[in-house]
Amino acid sequence: MSRIVVVTSGKGGVGKTTTSAAFATGLALKGYKTAVIDFDVGLRNLDLIMGCERRVVYDFINVISGEANLKQALIKDKRSDNLFILPASQTRDKDALTQEGVERVLKDLTEDGFDFIVCDSPAGIERGAALAMYFADDAVIVTNPEVSSVRDSDRILGLLQSRTRKAERGESIREHLLITRYSPARVASGDMLAMEDILEILAVPLIGVIPESGSVLQASNSGVPVILDKESTAGQAYDDFVRRFLGETVPHRFLEVEKKGLFKRLFGG
Amino acid sequence: MGIFDYFRTSKPKTAQVAKERLQILIKHERIDRSGPDFLPQLRNDIMEVIRKYVQIDEKDVNVQLGRVNNYEVLELNITLPDRTAQ
Ligand SMILES: Nc1ncnc2c1ncn2[C@@H]1O[C@H](COP(=O)(O)OP(=O)(O)O)[C@@H](O)[C@H]1O
Ligand SMILES: [Mg+2]
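Calculation criteria
Residues numbered from 1 in each chain as written. Chains lettered and ligands numbered in written order. Predicted model: local features only at pLDDT ≥ 70, side-chain atom pairs only at ≥ 80, totals over all residues. Heavy atoms only, no water. UniProt positions renumbered as here; feature names shortened; annotations may be inferred. Axes fitted to C-alpha atoms, helices over the stretch in contact; angles between N-to-C directions. Helix = DSSP H or I, 4+ residues; strand = E, 2+ residues; numbered from the N terminus. Parallel < 35°, antiparallel > 145°, perpendicular 65-115°, else oblique. Left-handed = near helix turned anticlockwise from the far one by under 90°. Contact = heavy atoms within 4.5 Å. Nonpolar A, V, L, I, M, F, W, Y, C, P; charged D, E, K, R; others polar. Near = heavy atom within 4 Å. Polar contact = N/O pair within 3.5 Å; in protein donor to acceptor, adjacent residues only side chain to side chain. Areas by Shrake-Rupley, 256 points an atom, 1.4 Å probe, with all protein chains shown as cover.

Chain B carries the name Cell division topological specificity factor in an unreviewed UniProt entry, which gives Thiothrix eikelboomii as its organism. Turning to chain B, the UniProt record has this under Sequence similarities (unreviewed entry): "Belongs to the MinE family."

As named in an unreviewed UniProt entry, chain A is Septum site-determining protein MinD, taken from Thiothrix eikelboomii. The Subunit (unreviewed entry) field of the UniProt record for chain A holds the comment "Interacts with MinC and FtsZ." Under the UniProt heading Function (unreviewed entry), the entry covering chain A gives this text: "ATPase required for the correct placement of the division site. Cell division inhibitors MinC and MinD act in concert to form an inhibitor capable of blocking formation of the polar Z ring septums. Rapidly oscillates between the poles of the cell to destabilize FtsZ filaments that have formed before they mature into polar Z rings."

Asker: Could you clarify how one ought to interpret the packing of helix α10 (residues 195–202) of chain A against helix α2 (residues 14–34) of chain B in this entry?
Answerer: Between two packed helices, the angle of one axis relative to the other and the distance separating the axes together describe the packing. In the contact formed by α10(A) and α2(B), the axes pass within 10 Å of each other and the chain directions differ by 20°. Relative to α2(B), α10(A) is oriented roughly parallel. Judged by the sense of rotation from one axis to the other, the crossing of α10(A) with α2(B) is right-handed. Listed contacts from α2(B) to A:D197, A:E200, A:I201 and A:L202 of α10(A) are B:K19, B:L22, B:Q23, B:I26 and B:R30. Partitioned by chemical class, the residues of the contact of α10(A) with α2(B) number four nonpolar, one polar and four charged.

Asker: How should the site of ligand 1 be read in this particular structure?
Answerer: Residue and element names in this part refer to chain A. Close to ligand 1 lie 13 residues, the nearest being G13, K16, T17, T18 and S213. Take G13: an N or O atom from its main chain is 2.8 Å from an oxygen atom of ligand 1. Expressed as a share of its isolated accessible area of 560 Å², the protein-covered part of ligand 1 is 77%. For the shell around ligand 1, the secondary structure elements donating two or more residues are α1 (16–29) and β8 (206–211). Among the elements that make up the shell around ligand 1, the one with the highest residue count is α1 (three residues). Residue composition of the shell around ligand 1, by class: four nonpolar, six polar and three charged.

This is the structure we're talking about:
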């Protein structure tokens, strides 16, 4: 059985696509056969972040409507043999996304032996977002330390607990909170919500904290998921997150303000 | 107020304000979600009626559906503003 994981948030621009790309790449590099699906019909972006935009021929909607089969539409990642990308349609209407169609694609991927299927949800709570979460076993809730993002995450938690197949069957989706764009310096100065505050408000188990980092923009510029940037704090934090998701116990890092090198040397900090 | 109090009563950090606002808001939104569909509308209607007489805030009206023995109980909690303050 494949494990289906939705990356969701309610609010747009918080880091879902960045996270989906890093997460799927991380799982594949650890040896798991992984597919990552872009549910953002009409606003395809995952292909760019994964660096495969020029190899898109068919898309998710083509497969759902029977214009192409899954094998034709899946793009094999150039860095890992275990990783496949299913792009969203750029031209079609969201209504082309049907529950039966999504279910069929997920079933086919399961039969093809995929270990993980990562669903990159669009923003909002409409059809695309609803279908991205409907069949999920796990949800990664991406939240920024900012009031509207936290509020929207709580709204999404309500939907995960009521409008999913698992909820309808009286089971529950495993929820994992991922805080992204975290800035320890701003938390220390008192103008950014601290990780502890967000946890207290949302009461969802924490799976990771990704720091605000310039390397995320650089990674998206070059179409290389940031998890492959081993030097960057964001890349390392994403790697920790993937390992925790796979069951390892990994301490959280990058939560404190980094001390200056010179200061450290002078005062031994 | 002495000079030392002046330094102590600096205004709260915005992150603290954000946390308190979110806690109140999310508590209300969770109650609205957990009850029957008409609860949010009921709460708004009640608020409108009361506002004809006194000015109250969103957070001063609490509508909750609970269960006591075998009865469903609609609990209404309305905090009226301090009259001396008006
Ligand atoms: N940890 C981070 N540090 C800095 N910028 C980030 C970080 N995570 C995401 N971003 C930036 O935020 C923007 C939105 O990210 P994206 O993943 O497209 O969000 P979403 O899919 O939720 O709309 C992008 O410009 C991205 O580069
Ligand atoms: Mg996105």
